[in-house]
Amino acid sequence: MPIPVQNDWAPVLKKVEDTDAYQELKQFLIDEYNTETIYPKKENIWQAFEWTPYHEVKAVILGQDPYHGANQAHGLAFSVKPEVKLPPSLKNIYKELHDDLGIEPVSHGYLKSWAKQGVLLLNTVLTVRAGEAHSHKNKGWELLTDEVIRALNERQKTVVFILWGSPAQKKRALIDETKHKIVSSVHPSPLSAYRGFFGSKPFSKTNELLIESGQEPIDWKIPEDPSAE
């Protein structure tokens, strides 16, 4: 299961691919995909990197692990394909987006427009067994996503890191906060959203920080027609 990404993420990911830890993860994933139902599909694992090249990253939304329901995960954290029902976490994200910026929720959960504007929609763990949250935790993915955060931390231009939930917040130690910015809260899942996600205003805060650093803000409004993205 080689890493297929061909853009400027390739040297970053290649550095990880050559480690013993990644080789162990690769063998684990081969076994899992052969014997279990795993999300996302193999061909979608690297979607976030393919749609948001390294030098185009303005912000990172960092979650936990992919959705573990049928046909939900497609390689972008919190996003689902247009025909898939909105998961509860994404409904809460849309609620906060509305409360923060007055943006009306769309009927689908396809976040490609964010990815194409430089928002890396990344989980700390990139695969999961069907119906079993955190089932691929501590199998090696965290080492890869640590390296991704380190590589972004090396960028001179400011990156805004949006850390949702404790697995994401553990990455804070890898970020130079004199150069980059952090927006942090609990995870938007129904279990925790009322403990500090609602009212955290991550979208307006991110745009303020981007403007302060001389960058174009993100247009967080998602097209109602997903094919328009």
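Counting restarts for each chain: residues are numbered from 1 in the order of the written sequence. Selection of residues for local features in this predicted model requires a pLDDT of at least 70, selection of side-chain atom pairs for listing and counting requires 80 or more, and totals for whole chains, interfaces and linings are taken over all residues. The side-chain quantities take in all heavy atoms of the structure and omit both hydrogens and water.

Draft legend 1. Local environment of the overall build of the protein chain. For the purposes of this entry, the term helix denotes a DSSP run of H or I that reaches at least four residues, the term strand denotes a run of E that reaches at least two, and both are numbered from the N terminus. Helix and strand content of the protein chain: 8 helices and 6 strands. Both definitions apply: the radius of gyration is a C-alpha atom measure, and the globule rule equals 2.2 Å times residues to the power 0.38. Taking 17 Å as the expected radius of gyration for a compact globule of 229 residues, we find that the protein chain reaches 17 Å, a close match to that expectation. Dimensions of the protein chain, computed from C-alpha atoms along their principal axes, come out at roughly 45 × 40 × 35 Å. Only protein chains enter the accessibility calculation, which uses a 1.4 Å probe; a residue is then buried when its area is under 20% of its type maximum, exposed when over 50%, and partly exposed in between. Scored against the burial criterion, the 229 residues of the protein chain give a buried share of 56%. Long-range contacts, defined here as pairs at least 24 residues apart, represent 69% of the contacts in the protein chain between residues at least 6 apart. Accessible area of the protein chain: about 10,300 Å², with a carbon and sulfur share of 49%. Treating the 27 positive side-chain charges of the protein chain as one cloud and the 31 negative ones as another, the clouds have centres 2 Å apart. In this description, contact between two residues means that some pair of their heavy atoms is separated by no more than 4.5 Å. Every accessible area reported is derived by Shrake-Rupley at a probe size of 1.4 Å, with residue values counting cover from the shown protein chains alone. Counting rule applied: Lys, Arg positive; Asp, Glu negative; His and chain ends not counted. Charge positions come from single atoms, namely NZ of Lys, CZ of Arg, CG of Asp or CD of Glu.

Draft legend 2. Up close: empty space enclosed by the protein. Points on a 1 Å grid, built from protein atoms alone, make a cavity when a 1.4 Å probe fits but cannot get out and make a pocket when they are open with protein on both sides within 12 Å along at least 5 of 7 lines; residues with an atom within 4 Å of a point are the lining residues. Grid points are joined across faces, edges and corners, and a volume is the space filled by probe spheres set on the points. In total, this model carries 1 cavity of 30 Å³ or more according to the counting rule given. Every residue along the wall of the largest cavity is listed here: Tyr94, Leu97, Ile103, Glu104, Pro105, Val106, Trp220, Lys221 and Ile222.

Draft legend 3. Layout of the sheet that holds strand 2 (residues 59-63). When DSSP locates at least two bridges between a pair of strands, those strands are taken to pair. Spatially, 3-2-5-6 is the arrangement adopted by the 4 strands of the open sheet, whose pairing is parallel. Each edge of the open sheet carries a strand with a single partner, namely strand 3 (119-123) and strand 6 (181-185). Geometrically, the sheet is characterised by an average inter-axis angle of 15° between neighbouring strands, direction not taken into account. Bridging between strand 2 and strand 3 involves 5 bridges; their strand directions are parallel. Across the sheet, isoleucine 61 pairs through a bridge with leucine 121, a residue of strand 3. The axes used here are C-alpha line fits, helices contributing only the stretch in contact, and every angle between their N-to-C directions lies in the interval 0 to 180 degrees. On top of the sheet, helix 6 (residues 141-153) reaches strand 2, strand 3 and strand 5 (160-164); it is set at about 155° to strand 3, its chief contact.

Draft legend 4. Highlighting the side chain of asparagine 123. On the secondary structure map, asparagine 123 appears in strand 3. Look at asparagine 123 and you get buried, because its relative accessible area is 8%. If we skip the residues at most four places from it in the chain, asparagine 123 touches Leu62, Gly63, Gln64, Asp65, Pro66, Ala77 and Thr145.

Draft legend 5. Geometry of the packing of helix 1 (residues 10-17) against helix 6. Taken N-terminus to C-terminus, the directions of helix 1 and helix 6 make an angle of 145°; their axes are 10 Å apart at the nearest point. Viewed along their axes, helix 1 and helix 6 form a crossing whose handedness is right-handed. Contacts from Val12, Leu13, Lys15 and Val16 of helix 1 reach helix 6 at Leu144, Glu147, Val148 and Ala151. In this classification, Asp, Glu, Lys and Arg are treated as charged, Ala, Val, Leu, Ile, Met, Phe, Trp, Tyr, Cys and Pro as nonpolar, and every other residue, Gly included, as polar. Counted by class, the contact of helix 1 with helix 6 contains 6 nonpolar, no polar and 2 charged residues. A crossing counts as left-handed when the near helix is turned anticlockwise from the far one by less than a right angle, and as right-handed when that turn is clockwise.

Draft legend 6. Molecular detail of the packing of helix 4 (residues 88-101) against helix 8 (residues 202-212). Viewed as axis vectors pointing N to C, helix 4 and helix 8 meet at an angle of 60°, and their least axial separation amounts to 7 Å. One finds that helix 4 runs oblique with respect to helix 8. Between helix 4 and helix 8, the contacting residues are Ile93, Glu96, Leu97, Asp100 and Leu101 on the first element and Pro202, Phe203 and Ser204 on the second. Split by residue class, the contact of helix 4 with helix 8 holds 5 nonpolar, 1 polar and 2 charged. Working definition: roughly parallel below 35 degrees, roughly antiparallel above 145 degrees, roughly perpendicular at 65 to 115 degrees, and oblique for all remaining angles.

Draft legend 7. How the structure looks around the pattern of salt bridges. What counts as a salt bridge is simple: a side-chain nitrogen of Lys or Arg found within 4 Å of a carboxyl oxygen of Asp or Glu. Summed over all chains, the structure comprises 8 salt bridges. Here lysine 95 ties to aspartate 99 by a salt bridge, and the two come within 3.2 Å at their closest N and O atoms. Taken together, the residues lysine 95 and aspartate 99, both in helix 4 and 4 residues apart, mark about one turn of the helix. Between glutamate 177 and arginine 172 there is a salt bridge; the shortest N-O distance is 3.0 Å. Judged by relative accessible area, arginine 172 falls into the partly exposed class, the value being 35%. Overlapping salt bridges bring together Lys15, Glu147 and Arg150 as one network.

Draft legend 8. Fine view of the nonpolar core. We define a nonpolar core as any set of buried Ala, Val, Leu, Ile, Met, Phe, Trp, Tyr and Cys residues linked to one another through side-chain atoms lying within 4.5 Å. Within the largest apolar cluster, 74 residues are counted, with the highest numbers of intra-cluster contacts made by Trp9, Trp46, Trp114, Trp141, Leu144 and Trp220. For this core, the element with the most residues is helix 6, which contributes 6 residues. With sequence-adjacent residues up to four places away left out, leucine 144 is seen in contact with Ile3, Leu13, Val16, Tyr22, Trp46 and Leu126.

The analysis is restricted to geometry; functional conclusions fall outside its scope.
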